[in-house]
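What the coordinates show
Residues per chain, in single letters:
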Amino acid sequence: MRQPLLALVLLASITAHAADVTRHGYTLRYDDRIEAAGGDLQGATVGRIRITRAGDETLVWQENTPLQPGCGAVPALTVLNDSFVALCGHLGGRHYTQRIILLEGNTPGMASVDQYDAPSPVRVEGDGALAIDVVRRDLFPGELTGPHYFPTVYRLHRDAVTFGFVPSFDAASAGRYWQHYHATRQAAPAAAVLPELLASLLAAQSGKQPICGELDAIASELQGGVAPQGPGARALMLDWLRKLPAAGYPPFDGQACPGRF
């Protein structure tokens, strides 16, 4: 899961055209337009979302958005299944946003999730739920310098009163966090990416694979490298294990790894 690196490559291939898609009696289109109204966006290429009834072209939903359609390798419009269509847009090659349209019932519903600078496609998982990977680098402003990317899996929550994406740290999402952990582990020494390594491990705790051995391996690497000039390796790790839940990650389950901290 190397979205931050991919984002730079995708900028050169952003497209802004989408064909009509018809599902459940609706015709949906997400395309670009030139903003005519006064303001900062006047004359700029922006987006328009239109949903009409397929039979009589009655307008059901129209939304003008500053987002330009298309996210590089992630197209502007993707049919996920018979019920959901995904829209992806960007602001000048940054700030990618996915919008999910539910085409059921009398009125379409919409849910959005910000993917920041690293777009990735929406997935339909084995249980039928929609999920998407998001990475952020601004969780600890002023405290971390350099590109530290923190992953979160979002799953679409839908019931009688809620239709929206929420962070997921359950067993079904643990595998995605492990993928991010191993990719980050291979990309740089532990000392350079310690916060995001620990964030991925905290997020993966509900999976079947224990995180204890990985914590020991990180501590050993730190102790043999940067740690002798500063606090002990485990003290440094514990400091981050305490900070990360404030950014939305699960707390460390010390009972699952007795004697580590």
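Everything that follows concerns the structure shown earlier in this document.
A brief structural summary. Because the structure is a prediction, the values reported are computed rather than measured.

**Observations concerning the nonpolar core**
In this structure, Leu198, Leu215, Ile218, Met237, Leu244 and Tyr249 are the most contacted members of the largest nonpolar core, which totals 32 residues. Taken together, the elements giving at least two residues each to this core come down to strand E12 (150-158), helix H2 (171-187), helix H3 (194-203), helix H4 (212-223) and helix H5 (233-243). In terms of residue count, H3 provides more of this core than any other element does, 7 residues in total. Leave out the neighbours within four places in its chain, and Leu215 touches Leu198, Leu201, Met237, Phe252, Cys257 and Phe261.

**Remarks on the state of the cysteines**
Inspection of every chain in the model, using the stated rule, returns 2 disulfides. Two residues share a disulfide in this structure: Cys71 and Cys88, whose sulfurs sit 2.1 Å from each other. Measuring handedness by torsion sign, the sulfur bridge of Cys71 and Cys88 sits at about -100 degrees and is left-handed. Here the residue Cys71 occupies a position in the loop between strand E5 (68-69) and strand E6 (77-79), and Cys88 occupies one in strand E7 (residues 84-91), the gap between them amounting to 17 residues.

**Focus: the pairing of E7**
Within E7, 7 of the 8 residues are buried, which leaves the element mostly enclosed by the surrounding structure. Relative to E7, E5 runs antiparallel, the two being bridged by 2 bridges. Opposite Gln68, over in E7, you have His90 as the bridge partner. When E6 meets E7, the two strands line up antiparallel, connected through 3 bridges. Note that in E7 the partner of Thr78 across the bridge is Ala86. In sequence, E6 turns back onto E7 through a hairpin of 4 residues. In this structure, E7 lies alongside strand E8 (residues 94-102), joined through 7 bridges in antiparallel fashion.

Parameters at a glance
- Counting restarts for each chain, with residues numbered from 1 along the sequence as it is written.
- The model is predicted, so local features are restricted to residues of pLDDT at least 70 and side-chain atom pairs to those at 80 or more, both for listing and for counting; the totals for chains, interfaces and linings are taken over all residues.
- Calculation of side-chain values draws on the structure's entire complement of heavy atoms; hydrogens and water are dropped beforehand.
- By nonpolar core is meant a set of buried Ala, Val, Leu, Ile, Met, Phe, Trp, Tyr and Cys residues that side-chain atoms within 4.5 Å join together.
- Remark: exposure states derive from per-residue accessible area (1.4 Å probe, protein chains only) relative to the maximum for the residue type, with buried under 20%, exposed over 50%, and partly exposed in between.
- Secondary structure elements follow DSSP: runs of H or I no shorter than four residues count as helices, runs of E no shorter than two count as strands, and numbering proceeds from the N terminus.
- It only takes one pair of heavy atoms within 4.5 Å for two residues to be counted as in contact.
- Any two cysteine sulfur atoms within 2.5 Å of one another count as a disulfide.
- Here, any two strands with at least 2 DSSP bridges between them count as paired.

So far we have only geometry, and geometry alone does not tell us how the molecule works.
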